[in-house]
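Architecture and fold: a report
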Amino acid sequence: MLGAAAPFQRSPGGCRSPREQRAHGTAFGAARTRFSAVAPEERRRSVAPAPAAEAGEEPLLRGIFEISKRSCDVVLSARRLRWSPILPESPTGDSSINVQAQEEIIEMKDVFSVKLKRRCCVGQKKGGTLLGITIFKCLKKEENKLTDYAIHLNNLSEDHCHSWFRHLKEILNGFQNRPKSLKVFVNPSSHKREATHVYYEQVAPLFRLADIKTDVTVTEYEGHALSVLKECELQAFDGVVCVGGDGSVSEVAHGLLLKAQIDAGKDTDYIPTPVRAPVPLGVIPAGTTNILAHTLHGIKHAVTATLHIIMGHIQSVDVCTFSTPTKLLRFGFSAMFGFGARTLALAEKHRWMPSSQRKDFAFIKTLADLKPEECELSFLPLQIPQEDSHENDKKKREKIKKGSKDQWHKIQGHFLNVSIMAIPCLCSMAPRGLAPNTRLNNGSMALIVVQNTSRTEFIKHLKRYTSVKNQFNFPFVETYTVQEVKVQPQLKSGLDAKENTYLNAAAAEGNYPWNIDGDLMKEASQIHVRLHPQLINLYGVNTDDLESSQATCNCI
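Here goes a summary of the coordinates provided. Just so it is clear, the structure is predicted and the values come from calculations on it, not from any experiment.

On to the state of the cysteines. Taken as a whole, this structure holds 0 disulfides when the rule is applied. Its sulfur unpaired, C425 is 8.3 Å from the next cysteine sulfur, which belongs to C427. You can call C425 buried: its relative accessible area is 2%.

This is the structure in structure tokens:
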């Protein structure tokens, strides 16, 4: 244990009384010599006493450092680093005057790196004059943003600094969830081709600062990350990181889970009970859409996402399998059929357009050509106590509870959009999420069914996503909490010539577009969606811990 291996000790950096320091013309001369033999009562005036140790906070080290140009009495325990300025004597020498020093505290769980601080000459790569220690902490700012912050502890004693450095490193190495080695995938084609720049300019320097080793693959084609993961020896890494948008993350998450099934000897065509992913997945947002990253971090911010990975903030997350009657299609977190999928299909066809224009064009064009999909929905409700149900689920849940526990329910008709989501799917344009009634790991999926209605009413429904109002409070919107869903499109005998020719061609072939985590997939047959609770760990925080944000949608 740290307390046994490194008992409380004064560091070699000593302390003269303030009167002696002024005589030597410096406020920090004490840090260069051993603790001088000053009278006990005089030391009590110049150095604040160590605070009483709480449970598990026995002091490991105590010494003198210069912090923010002030000589400070610094105490290190396994949980905290605390310091307070060394107080000067009163001008009259009256010891009865008690000036309270302002103590500052850093929680060691917020520290992610410690380095020896040196002054190097021009062209010098190693060595240099030791100046002290720099501690890097993770600082939480407004709107869920994290940033790194450096605290400099200056002391010119080699022995003093090395002793503190060893103890600080030992404490940091004791945090088990923090990765030491990562497999990184970078999609250079993501949103304005910015993923490579984001990684090497913002992410990689922080990984190096935290002493994390990385093995980087810059993907060259669609499916490259999947093929690499199938052959990857994941036991060599503490985690996998994807730098890209939702489509890239979807591929990496699918590959990570598929690799786990292969290693477990599972039949990858039919996996009713998949095994968990062996290592966590980190998501660095650098794409056109970044819903998964926003759900995990509450913001699209590469540094925030990186610090969540470095700090080892891990959340267990529910995952869905999407299958046909004969094979597994992929693992994923959310899917849309109808409007959401057709919008993505149109956007993918116009990849030559700038990303922001492409999204707006596809959205407006699909809205102008709004039409329902005819299909049959079968779902297995999740049995939850009535008091836990949400307001829009109550009437439907009362009907469902009359049936047996494993009774499937069917809905057939014309639907503008069908959403199946295992996570809330937060984004900048939906502060409450596309599925606000679900969570990352509550063991349920949200089935959101938008029946055929007028374009005007449908737009009102979409606008609700940008506010804090209930977007499901419409007569044509139904929501269910489920554990399994089957979607069976009904093939049409004829097609309207005025409909979009690209989508007509897909329908004519019997293939219907699906939007699975921002990745386009076309399938003709029935899709079976199953929920698998807490199948993967992701670097991030619980949705309930995020600060809510206000946003507006520019395209409605």
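Having seen the model, we can carry on.
Take E484: it is sitting in strand β18 (residues 477-489). Only 2.6 Å separates the side chain of E484 from the side chain of H528, close enough to count as a polar contact. Not counting residues within four places of it along the chain, the set of residues in contact with E484 comprises S378, F379, L380, W408, M445, H528, V529 and R530.

Relative to the 21 Å expected for 15 residues at 1.5 Å per residue, helix α5 (residues 195-209) spans 20 Å between its end C-alpha atoms, a close match to the ideal helical length. Along its length, α5 reaches its greatest deviation from straightness, about 40 degrees, at V203, and the proline P205 lies no more than four positions downstream. Inspection of α5 places A195, V198, Y199, V203, A204, L206, F207 and L209 among the buried residues, and these make up the whole buried set. After α5 finishes, the residue D211 shows a positive phi value of roughly 60 degrees.

Another aspect to go through is the nonpolar core. Core analysis: the largest hydrophobic core is formed by 55 residues, its most contacted members being L281, F333 and I536. Contact partners of L281, with chain neighbours within four places excluded, come to V240, C242, V249, V252, A253, L256, I536, N537, L538 and Y539. Counting 29 residues, the second-largest nonpolar core is a separate cluster that includes F112, C138, I212 and A305.

Moving on, we get to the side chain of K137. Take K137: it is sitting in strand β6 (residues 129-140). Buried K137, no salt bridge; nearest opposite-charge side chain is D110, N-O distance 4.9 Å. Ignoring sequence-local partners within four residues, the contact set of K137 consists of I106, D110, V111, F112, T147, D148, Y149 and I151.

Once that is clear, we can look at the pattern of salt bridges. Enumeration over the complete set of coordinates arrives at 15 salt bridges. The shortest N-O distance in the salt bridge between E107 and R80 comes to 2.7 Å. With E107 in strand β4 (residues 104-107) and R80 in strand β3 (residues 80-85), this pair connects stretches of sequence that are 27 residues apart. Looking at E107, the relative accessible area reads 23%, which means it is partly exposed. The class of R80 is buried, set by a relative accessible area of 14%. Between R118 and E158 there is a salt bridge whose closest N-O contact spans 3.9 Å. In this pair, R118 is assigned in strand β5 (residues 111-119) and E158 in helix α4 (residues 158-172), connecting sequence segments 40 residues apart. By relative accessible area, E158 is classed as partly exposed at 36%. Members of the salt-bridge network, linked through shared partners, are K115, K169 and D211.

The next subject is the packing of aromatic side chains. Under the counting rule described, the total for this entry stands at 11 aromatic pairs. Between F337 and Y512 the ring centres are 6.1 Å apart and the planes differ by 50 degrees, which places this aromatic pair in the tilted class. With F337 in strand β14 (residues 334-338) and Y512 in strand β19 (residues 512-516), this pair connects stretches of sequence that are 175 residues apart. Under the relative-accessibility criterion, F337 is labelled buried at 2%. With a centroid separation of 5.1 Å and an interplanar angle of 75 degrees, the aromatic rings of F339 and F458 are classed as edge-to-face.

Before going further, it helps to spend a moment on the pairing of strand β11 (residues 281-285). In terms of residue burial, β11 counts as a mostly covered element, since 5 of its 5 residues are buried. Neither face of β11 is left uncovered, since the one carrying L281, V283 and P285 and the one carrying G282 and I284 both have all their residues buried. Strand direction decides the pairing type here: strand β10 (residues 239-244) and β11, joined by 5 bridges, are parallel. Opposite G244, over in β11, you have P285 as the bridge partner. Tracing the backbone out of β10, into helix α7 (residues 246-263) and back to the parallel element β11 gives a crossover that is right-handed.

Definitions and cut-offs
- Residues numbered from 1 in each chain as written.
- Predicted model: local features only at pLDDT ≥ 70, side-chain atom pairs only at ≥ 80, totals over all residues.
- Heavy atoms only, no water.
- Disulfide = S-S within 2.5 Å.
- Buried < 20%, exposed > 50% of the residue type's maximum accessible area, 1.4 Å probe, protein only.
- Helix = DSSP H or I, 4+ residues; strand = E, 2+ residues; numbered from the N terminus.
- Polar contact = N/O pair within 3.5 Å; in protein donor to acceptor, adjacent residues only side chain to side chain.
- Contact = heavy atoms within 4.5 Å.
- Expected span 1.5 Å × (residues − 1).
- Bend = angle between axes of the 7 residues up to and from the residue.
- Core = buried A, V, L, I, M, F, W, Y, C linked by side-chain atoms within 4.5 Å.
- Lys, Arg positive; Asp, Glu negative; His and termini not counted.
- Salt bridge = Lys/Arg side-chain N within 4 Å of Asp/Glu carboxyl O.
- Phe/Tyr/Trp six-rings, centres within 6.5 Å; stacked < 30°, edge-to-face > 60°.
- Pairing = 2+ DSSP bridges.
- Right-handed = clockwise from strand over helix to strand, strands pointing away.

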